[in-house]
Amino acid sequence: MARTGRPREFDRDKALDAALVLFWEQGYEPTSLNQLKACMGNISPASFYAAFGSKEALFREVVQRYLQTHGQVMAPLWDETLSPRDAIERTLRASARMQTTRTHPQGCMMVLGACNCSPENQPVQSLLEDERARNRSGIAACVRRAVISGELEDSAATEVLPTLFATFLHGLSCEARDGNKAKKLDTAVTMLMQIWDNLAEASGTASRHS
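Keep in mind that this is a model prediction, so the values were computed, not measured.

J.: Which residues make up the overall build of the protein chain, and what values do they have?
T.: What the protein chain contains, in helices and strands, is ten helices and zero strands. Secondary structure elements in the protein chain, listed N-terminal to C-terminal, are α-α-α-α-α-α-α-α-α-α. When burial is assessed residue by residue, the protein chain has 43% of its 210 residues classed as buried. Put simply, of all contacts in the protein chain between residues at least 6 apart along the chain, 70% involve residues at least 24 apart.

Written as structure tokens, this is what we have:
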């Protein structure tokens, strides 16, 4: 009589990675529990709830995994060994490359993952809003460093720079999802950084004449 082999053990990390891709591609609300269980190896409801607790708890864990992997493109914003300008430029270029890579869904999960939730899922939407706010804070911190160091003048134009860069950063998701190519987005970053350079030049000119 043929012997029955031991059942395959549930690979939690692989299941989590599969869920990440599905949530990234479809968003939180359109992704059903049945789809999640199927992509995670056709696990049983009991295994799903034992491992993750709920769909929302799984999503929160997926967000952390994303931030620790793909989301590391944002790390230069908090690296004070980099010049403020370099920190922002590296972040924008790395994000554009990551979001257009074809080995995973295009765009940024922090922008696309839960952008239009129903009221009962507001905590999920707020989770990603908080992460986007953190990105804005990182950009603003770079601009403040540049003002303190004298690279940029404290002016109305400089004050709007964080909003300008954050708008571009988060807008990359739509461009990437719509098929825009990395090379074109990288060129756009070059043009955007020219605004910083123009303000820095104006600040230097003002300092020389003061």
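There's more to say after this.
J.: Could you give an account of the side chain of Glu131, naming the residues involved and the relevant values?
T.: Tracing the sequence through the fold places Glu131 in helix α7 (residues 122-149). Arg134 provides the closest opposite charge to the buried, unpaired Glu131, separated from it by 4.6 Å.

J.: Run through the environment of Ser155, naming residues and quoting values.
T.: Tracing the backbone through its elements, the reader meets Ser155 in the loop between α7 and α8 (156-159). Between the C-alpha atom of Ser155 and that of Leu199, which follows or precedes it by 44 residues, the distance is 9.5 Å. Within polar-contact distance, the side chain of Ser155 engages the side chain of Thr158 at 3.1 Å.

J.: Which residues make up unusual backbone geometry, and what values do they have?
T.: Despite not being glycine, Asn42 shows a phi value in the positive range, around 55 degrees. Mapped onto the elements, Asn42 comes out in the loop between α2 (33-39) and α3 (45-52).

J.: Mind laying out the domain arrangement of the protein chain, listing which residues take part and the relevant values?
T.: Per the domain assignment, the segments of the protein chain are domain 1 (12-65) and domain 2 (73-209). With centres defined by C-alpha atoms, the gap from domain 1 to domain 2 works out at 29 Å. Residue-level contacts link 13 residues of domain 1 with 20 residues of domain 2. Where domain 1 abuts domain 2, roughly 1400 Å² becomes buried across the two surfaces, and 67% of that area is made up of carbon and sulfur atoms. In terms of surface lost to domain 2, no three residues of domain 1 exceed Trp24, Glu29 and Val63, which account for 48% of the buried area on that side.

J.: Would you mind going over the packing of aromatic side chains in detail, with residue names and values included?
T.: Tallied over the full model, the rule gives seven aromatic pairs. Measuring from centroid to centroid gives 5.0 Å for Trp24 and Tyr66, while their planes differ by 90 degrees, and the two rings are edge-to-face. Note that Trp24 is positioned in helix α1 (residues 12-26) and Tyr66 in helix α4 (residues 55-68), a separation of 42 residues in sequence. Residue Trp24 shares its accessibility class with Tyr66, and that shared class is buried. Judged by centre distance (5.0 Å) and plane angle (65 degrees), the rings of Tyr28 and Phe59 are edge-to-face. With Tyr28 in the loop between α1 and α2 and Phe59 in helix α4, this residue pair connects regions lying 31 residues apart in the sequence. In terms of burial, Tyr28 and Phe59 fall into one category: buried.

J.: I'd like a rundown of the layout of surface pockets, residues and numbers included.
T.: Taken as a whole, the second largest pocket holds about 220 Å³ of empty space. Lining the second largest pocket are 20 residues, with Leu67, Gly71, Met74, Arg134 and Asn135 positioned closest to its centre. The set of elements that each furnish at least two residues to the lining of the second largest pocket consists of α4, α5 (84-100), α6 (109-112), α7 and α9 (161-177). For the lining of the second largest pocket, the residue count by class is eleven nonpolar, seven polar and two charged.

J.: Quick one: what's the story with the nonpolar core, residue by residue and with numbers?
T.: For soluble globular proteins, nonpolar side chains are generally found buried alongside one another. Counting 56 residues, the largest nonpolar core has Leu58 and Ile88 as the members making the most contacts within it. Looking at this core, the elements that each hand over two or more residues are α1, α3, α4, α5, α6, α7, α9 and α10 (182-208). Looking at this core, you find at least three residues from each of domain 1 (12-65) and domain 2 (73-209).

So, how was this worked out
- Residues numbered from 1 in each chain as written.
- Predicted model: local features only at pLDDT ≥ 70, side-chain atom pairs only at ≥ 80, totals over all residues.
- Heavy atoms only, no water.
- Helix = DSSP H or I, 4+ residues; strand = E, 2+ residues; numbered from the N terminus.
- Buried < 20%, exposed > 50% of the residue type's maximum accessible area, 1.4 Å probe, protein only.
- Contact = heavy atoms within 4.5 Å.
- Lys, Arg positive; Asp, Glu negative; His and termini not counted.
- Salt bridge = Lys/Arg side-chain N within 4 Å of Asp/Glu carboxyl O.
- Polar contact = N/O pair within 3.5 Å; in protein donor to acceptor, adjacent residues only side chain to side chain.
- Domains from an automatic or database assignment.
- Buried area = accessible area lost by both parts, 1.4 Å probe.
- Phe/Tyr/Trp six-rings, centres within 6.5 Å; stacked < 30°, edge-to-face > 60°.
- 1 Å grid on protein atoms, 1.4 Å probe; cavity = no way out; pocket = protein on both sides within 12 Å on 5 of 7 lines; lining within 4 Å.
- Points joined across faces, edges and corners; volume = space filled by probe spheres on them.
- Nonpolar A, V, L, I, M, F, W, Y, C, P; charged D, E, K, R; others polar.
- Core = buried A, V, L, I, M, F, W, Y, C linked by side-chain atoms within 4.5 Å.

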